Amino acid sequence: MSKYIESETHQQYIKHQMNHYYTYYIERKCLKCKKAIPDQAHGLIKFCEREVLPDGSIKSCKDDFNAAKRKKKMGPYKAIGYYHKLMHDRIEILLREKGELVSLDEILSYGINLTRAVESDYDQDERNFIHYFVGYTFREYLEKEFLITVDNKYAT
Ligand SMILES: [Zn+2]
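Quantities reported herein were computed from a predicted structural model and do not represent experimental measurements. (Residues numbered from 1 in each chain as written. Predicted model: local features only at pLDDT ≥ 70, side-chain atom pairs only at ≥ 80, totals over all residues.)

**Student:** Got a minute to help me understand the overall build of the protein chain in this structure?
**Tutor:** If you tally the helices and strands in the protein chain, you get three helices and nine strands. Each helix (α) and strand (β) of the protein chain, taken in turn from the N terminus, gives the series α-β-β-β-β-α-β-α-β-β-β-β. Looking at the 156 residues of the protein chain, the share that counts as buried comes to 11%. At a minimum sequence separation of 6, the contacts of the protein chain that also span at least 24 residues come to 26%. (Helix = DSSP H or I, 4+ residues; strand = E, 2+ residues; numbered from the N terminus. Buried ≥ 20, exposed ≤ 12 C-beta atoms within 10 Å, placed from the backbone. Contact = placed C-beta atoms within 7 Å.)

**Student:** What should I look at first to understand the pairing of strand 7 (residues 129–132) in this one?
**Tutor:** For a regular strand, the rule is simple: side chains alternate between the two faces of the sheet. Strand direction decides the pairing type here: strand 6 (residues 119–122) and strand 7, joined by four bridges, are antiparallel. Its bridge partner lying in strand 7, aspartate 121 is registered against isoleucine 130. What sits between the antiparallel neighbours strand 6 and strand 7 is a turn of six residues, in which glutamate 126 has the positive phi angle 55°. Two elements, strand 7 and strand 8 (residues 136–142), share three bridges in a ladder whose sense is antiparallel. Within the sheet, the bridge partner assigned to isoleucine 130 lies in strand 8 and is arginine 139. Here strand 7 folds back onto strand 8, and the loop between the two strands holds three residues, one of which, glycine 135, carries a positive phi near 90°. (Pairing = 2+ DSSP bridges.)

**Student:** Even after reading the chapter, I still don't get the sheet that holds strand 8, so can you show me in this structure?
**Tutor:** Strand-to-strand pairing in sheets goes through backbone hydrogen bonds, with the strands running parallel or antiparallel. Ordered by their spatial adjacency, five strands build an open sheet running 5-9-8-7-6, and the pairing between neighbours is antiparallel. Bordering the open sheet on either side are strand 5 (101–103) and strand 6, each of which pairs with just one other strand. For this sheet, the mean angle separating the axes of adjacent strands, direction not counted, is 25°. Here strand 8 runs beside strand 9 (residues 145–150); their pairing, made up of six bridges, is antiparallel. Along strand 9, the bridge assignment pairs phenylalanine 138 with isoleucine 148. (Axes fitted to C-alpha atoms, helices over the stretch in contact; angles between N-to-C directions.)

Here it is, written out as structure tokens:
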């Protein structure tokens, strides 16, 4: 029995031999890495074969391609999510350092933008503004003064 049996070298040898039976007349290419796909592969195949790399990880053009597509699709929504996380963290600091009653100047100096809350509304008397952020709410209390309350409406 050959010493190559079941060794990587032997597998590569077999793969090399098999390559002699592949033709590339159709000129199909992997959508991810552009590597040629043999005519012998199934008609619906759009990606090269999954491959186990020497470090044991799996290279899959199909998975990578779909993940990139999904990422691109979700990009804008993630950016909005990150923005509100940033606002949440700033409000947390503002509340800790200045207390629950804050001036508009203080709100602005902590980089919090009331005009970009998750939701803004009037209170029941329709006189004062309410700005809902994730986890916190600003209620207009006096002119240019706001009361911060912990709110679960858009809880983290
Ligand atoms: Zn590929």
